[in-house]
Amino acid sequence: MSQSEPTAAAVYPVPDAFAATARIRREDYERDYAAALADPDAYWARVAQRLDWFVPPTKTRDVSYALEDFRIRWFEDGVLNVSVNCLDRHLAARGDKTALIFEPDDPAKPAQRISYRELHARVCKLANALRNLGVKKGDRVTIYLPMTPDAVVAIQACARIGAIHSVVFGGFSPNSIADRIADCTSKLVITADEGLRGGKTVPLKANVDAALKMPGTNSVETVLVVRHTGGAVDMQMPRDRWYDAVVDDQPAECEPERMNAEDPLFILYTSGSTGKPKGVLHTTAGYLVWASYTHESVFDLREDDVFWCTADVGWVTGHSYVAYGPLANGGTGIVFEGVPNYPNVSRFWEVIDKHQVTIFYTAPTAIRALMREGEAPVKKTSRASLRLLGSVGEPINPEAWRWYHEVVGDSRCPIVDTWWQTETGGILISPLPGATDLKPGSATIPFFGVQPALVDANGAILDGATEGNLVLLDSWPGQMRTVYGDHARFIETYFKTYPGMYFTGDGCRRDEDGYYWITGRVDDVINVSGHRIGTAEVESALVSHPLVAEAAVVGFNHDIKGQGIYAYVTLVAGEAPTEDLRKALVAHVRKEIGPIATPDFVQWAPGLPKTRSGKIMRRILRKIAENAPDQLGDTSTLADPSVVKSLVDERLVK
Ligand code: WTA
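Parameters at a glance
Residues numbered from 1 in each chain as written. Predicted model: local features only at pLDDT ≥ 70, side-chain atom pairs only at ≥ 80, totals over all residues. Heavy atoms only, no water. Helix = DSSP H or I, 4+ residues; strand = E, 2+ residues; numbered from the N terminus. Rg over C-alpha atoms; globule rule 2.2 N^0.38 Å. Contact = heavy atoms within 4.5 Å. Areas by Shrake-Rupley, 256 points an atom, 1.4 Å probe, with all protein chains shown as cover. Lys, Arg positive; Asp, Glu negative; His and termini not counted. Charge placed at Lys NZ, Arg CZ, Asp CG, Glu CD. Near = heavy atom within 4 Å. Polar contact = N/O pair within 3.5 Å; in protein donor to acceptor, adjacent residues only side chain to side chain. Nonpolar A, V, L, I, M, F, W, Y, C, P; charged D, E, K, R; others polar. Buried < 20%, exposed > 50% of the residue type's maximum accessible area, 1.4 Å probe, protein only. Arc of directions from axis to C-beta. Pairing = 2+ DSSP bridges. Axes fitted to C-alpha atoms, helices over the stretch in contact; angles between N-to-C directions. UniProt positions renumbered as here; feature names shortened; annotations may be inferred. Salt bridge = Lys/Arg side-chain N within 4 Å of Asp/Glu carboxyl O. Phe/Tyr/Trp six-rings, centres within 6.5 Å; stacked < 30°, edge-to-face > 60°. Lys NZ or Arg CZ within 6 Å of the ring centre and 35° of its normal. Core = buried A, V, L, I, M, F, W, Y, C linked by side-chain atoms within 4.5 Å. Right-handed = clockwise from strand over helix to strand, strands pointing away. pLDDT = per-residue confidence, 0-100. Disulfide = S-S within 2.5 Å.

1. Regarding the overall build of the protein
Link 1 in the chain: A count of helices and strands for the protein gives 21 helices and 31 strands.
Link 2 in the chain: Compactness check: the protein gives a C-alpha radius of gyration of 24 Å against a globular reference of 26 Å for 654 residues, within 12% of the reference.
Link 3 in the chain: Reported as C-alpha extents along the three principal axes, the dimensions of the protein are approximately 75 × 65 × 60 Å.
Link 4 in the chain: Within the protein, counting contacts between residues at least 6 apart in sequence, those at least 24 apart form 72% of the total.
Link 5 in the chain: Carbon and sulfur atoms make up 50% of the accessible area of the protein, which totals about 24,300 Å².
Link 6 in the chain: Distance between charge centres in the protein, computed from 69 positive and 83 negative side chains, equals 2 Å.

2. Some thoughts on the site of the ligand
Link 1 in the chain: Around the ligand sit 17 residues, and of these D417, T418, T422, D506 and R532 come closest.
Link 2 in the chain: Separating an oxygen atom of the ligand from a side-chain N or O atom of T422 is a distance of 2.6 Å.
Link 3 in the chain: Contact distances for the ligand include 3.3 Å between an oxygen atom and a side-chain N or O atom of N527.
Link 4 in the chain: Protein contacts shield 96% of the accessible area of the ligand, which totals 520 Å² for the unbound molecule.
Link 5 in the chain: Elements supplying a minimum of two residues to the shell around the ligand: α12 (316-328), β20 (415-418) and β26 (516-521).
Link 6 in the chain: Class assignment of the residues belonging to the shell around the ligand gives a composition of six nonpolar, six polar and five charged.

3. Describing helix α3 (residues 40-47)
Link 1 in the chain: When we look at burial in α3, the residues that qualify are Y43, W44 and V47. Down the axis of α3, the sector holding all buried residues measures 85°, keeping them to one side.
Link 2 in the chain: Contacts made by the buried residues of α3 are with α2 (26-38), β2 (71-74) and α11 (284-298).

4. Description of the sheet that holds β20
Link 1 in the chain: Reading across from one edge, β5-β4-β17-β16-β18-β19-β20 is the order of the seven strands in this open sheet, with mixed pairing throughout. One side of each edge strand has no neighbouring strand; the edge strands of this open sheet are β5 (112-115) and β20. If you compare each strand with its neighbour and ignore which way they point, the axes differ by 20° on average.
Link 2 in the chain: Sheet analysis places strand β19 (residues 388-392) next to β20, joined by four bridges and oriented parallel. Residue G390 lies in a different strand from β20, and its bridge partner there is V416.
Link 3 in the chain: Sitting on the sheet, helix α13 (residues 347-355) is in contact with β4 (98-103), β5, β16 (306-309), β17 (332-336) and β18 (359-362), with an inclination near 140° to β4.

5. A short note on the UniProt feature "domain: Acetyl-coenzyme A synthetase N-terminal" (unreviewed entry) in the protein
Link 1 in the chain: Annotation from UniProt places "domain: Acetyl-coenzyme A synthetase N-terminal" (unreviewed entry) at residues 29-86.
Link 2 in the chain: Between the C-alpha atoms that bound residues 29-86 there is a distance of 26 Å. The span itself is 40% helix and 17% strand.

6. Comments concerning the sheet that holds strand β25 (residues 502-510)
Link 1 in the chain: Read across the open sheet, the five strands follow the order β22-β21-β23-β25-β26; overall the sheet is antiparallel. Every interior strand has two partners, whereas the edge strands, β22 (461-462) and β26, have only one.

7. Let's talk about the UniProt feature "domain: AMP-binding enzyme C-terminal" (unreviewed entry) in the protein
Link 1 in the chain: Residues annotated in UniProt with the feature "domain: AMP-binding enzyme C-terminal" (unreviewed entry) correspond here to residues 537-615.
Link 2 in the chain: Spanning residues 537-615, this segment combines 27% helix with 32% strand, and its end C-alpha atoms are found 17 Å apart.

8. Describing helix α16 (residues 398-408)
Link 1 in the chain: Among the residues making up α16, those that are buried are A400, W401, W403, Y404, H405, V407 and V408.
Link 2 in the chain: Those residues of α16 hidden inside the fold are in contact with α13, β18, α14 (364-371), α15 (376-379), β19 and β20.
Link 3 in the chain: Count one or two residues on from α16 and you reach D410, which has phi positive near 50°.

9. Some thoughts on the pattern of salt bridges
Link 1 in the chain: Applying the stated rule across the entire model yields 46 salt bridges.
Link 2 in the chain: The residue D511 makes a salt bridge to K439 at a minimum N-O spacing of 2.7 Å. Here K439 lies in the loop between β20 and β21 (452-455) and D511 lies in the loop between β25 and β26, a separation of 72 residues in the sequence. In this structure, D511 and K439 share a single accessibility class: buried.
Link 3 in the chain: One continuous salt-bridge network, built from bridges that share partners, spans D62, D69, R71 and R73.

10. Notes on the side chain of S115
Link 1 in the chain: The topology assignment puts S115 in strand β5.
Link 2 in the chain: Contact partners of S115, with chain neighbours within four places excluded, come to G95, D96, K97, T98 and A99.

11. Digging into the environment of P107
Link 1 in the chain: Within the fold, P107 resides in the loop between β4 and β5.
Link 2 in the chain: Note on P107: relative accessible area 31%, which makes it partly exposed.
Link 3 in the chain: If we skip the residues at most four places from it in the chain, P107 touches P343, R347 and K354.

12. Details of the packing of aromatic side chains
Link 1 in the chain: With the rule as written, the count across this model stands at 47 aromatic pairs.
Link 2 in the chain: Above the face of the W517 ring, R509 is positioned so that its terminal group lies 4.9 Å from the ring centre.

13. Details of the nonpolar core
Link 1 in the chain: L126, L130, F299 and Y324 are the most contacted members of the largest nonpolar core, which has 160 residues in total.
Link 2 in the chain: When residues of this core are assigned to their parent elements, the largest contribution, nine residues, is made by helix α7 (residues 149-161).
Link 3 in the chain: In this structure L130 touches V135, A157, C158, I161, L188, I190 and L224, once residues within four positions along its chain are discounted.
Link 4 in the chain: If you look at the next biggest cluster of nonpolar residues, it comprises 28 residues, including F348, V357, I396 and V408.

14. A closer look at unusual backbone geometry
Link 1 in the chain: A cis amide bond links M237 to the next residue, P238, at an omega of 0°.
Link 2 in the chain: Looking at the secondary structure, you find P238 in the loop between β11 (222-226) and β12 (240-242).
Link 3 in the chain: Residue P343 follows Y342 across a cis peptide bond; omega there is -5°.
Link 4 in the chain: Position of P343 among the secondary structure elements: in the loop between β17 and α13.

15. Points about the pairing of strand β6 (residues 140-144)
Link 1 in the chain: Most of β6 is tucked away: five of the five residues are buried.
Link 2 in the chain: In this sheet, strand β7 (residues 164-167) lies alongside β6 in parallel orientation, the contact comprising four bridges. Across the sheet, the residue bridging to V141 is H165, located in β7.
Link 3 in the chain: Regarding topology, α7 serves as the crossover connection from β6 to the parallel β7, and that connection is right-handed.
Link 4 in the chain: In this structure, β6 lies alongside strand β8 (residues 188-192), joined through four bridges in parallel fashion. Within β8, the residue paired with Y144 across the bridge is T191.

16. Focus: the confidence of the model for the protein
Link 1 in the chain: Counting all residues, the mean pLDDT for the protein is 96, and 99% of those residues have values of 70 or more.
Link 2 in the chain: Predicted complex metrics record ipTM = 1.00 and pTM = 0.96.

17. Here we look at the state of the cysteines
Link 1 in the chain: Within this structure, the stated rule accounts for zero disulfides.
Link 2 in the chain: Free cysteine C158: the closest other cysteine sulfur is in C184, separated by 11 Å.
Link 3 in the chain: Free of any disulfide, C309 has its nearest cysteine sulfur in C86, 15 Å distant.

In structure tokens, the structure reads:
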């Protein structure tokens, strides 16, 4: 390798010591990857035996991506219950094993260890209470809770009675809660008085109150309120009920609902390139097979592991690798209420030492932020318990990867860079730590049964080392089944761009070793600190302000967040741009969507670059936001090319 070649191409072989005891070694991976392709029915019928079934499936897969004959069904005649798989079946051998370790926001408060027996009882009590409140199989329940064991209990209790949960991240605004409640007509909301993050309270109950005043939310009959901080809240009787008053006296056993494999398990709203967030729907058996099988394989799970996924349960990572996968596998997982930099920037590493965490799974944005603080806050901790590190949510730049590997993992722990999406239910492209040599910045190779391909703009499959749009050629059990209430949108979004294939929305490069390098979204979705935000959502929040005539939003590269939000705003005629108005617009977006959608920059735009047919040319706006005015390309097709010059002159990053 020449001096000038980026060290990103360096290879980190599987450490011998790791391979020696790994569940899956290179030859196992090669054999099983080939087997899953050669006879998917036999392969997945065997994998499905990892679950406990009331009635085992006789059918394995029934899949067609053809538009005229579209269907995705896995294990369709099987009958099971997810919470039985996550709790009951472990009671005999693991009843006293710790299922969850709760580490509160404030390290001075005691941590809690919850055994499988205790978690089972808590889930059963809530499940009974929900049934008493009239929640039946198929009803929707919205969960808006802090990152505490209550959130896992709520999710599992819904699964026990066959209610479809929709978890809304605690950082979303009343508007966003209301939209999500209205879309799936939830019957009941589970929330808490307040959340706590980094020493600050989040007014969860007050946000729910505000949401329920908005149109479209009158399906909600009951709001269950967990006492968490003890902060004062308004209780509106008879709608609002204290959780402890309703739940504590319930029996600690609860008959689980018998669920069909393809019955819905949950809805999780996620941003797309157009319109409002869509309700990604996952079903029972396929999802649990995928969450548990990937969790065990990718993290090389052992009986005595302490697994810490830092994601909030409000995101899919918290669903699959906090609330479902680890419990289905009888593992011990950490539930962390806090943030990486409170009360100090050693917090993550101190928690790792405190609870002897063996596997740590976090997002590149956190790694980059902590890397900026230098090595000292890491080095003052031991981290000797760690044996494996993971990354998820956005591409990890090689520099951050190496810091994670060398400083956090003391060059001892492999890193699994796991690529997947809300839609995929679990990890699809990732190293297996005992089988796959690593390259910093690459999610490496596909998991069993996963068939990625790169296509050009016309959908032609590209061979060899190349770059293109990432598609998946065939189904896997954890695939989403529909957009809740809008099956046409599901097909339109994922299966029409390249007929016969699932389109991920990601761009990707494949190198000469067949390794995949995700380059980021190719649609109008931006990934801010690992959280998906649609440019259309931010634009519609901006134009809902009375002084805004038009808005266009693009992403730009951000050192810590991966991508930031850059908004171009045209005011209504006669309005003068002021610094106060700029601040007011930023506050307006935070109120409409939530703090995660806060624009980093708002540039005043007397006009936007549009084609003669009126389409905004975002390519040009992206280049201006990235301070690359010399790369605007052809602007001759614009209706009024002169607007570009003024936008370039006034750009906010130079
Ligand atoms: C991005 C999160 C590069 C990607 C699990 C994808 C990644 C989107 C990686 C899904 C990774 C996720 N490397 N990019 N390891 N993991 N992404 O739905 O653009 O919140 O399409 O699911 O995140 O985000 P979502």
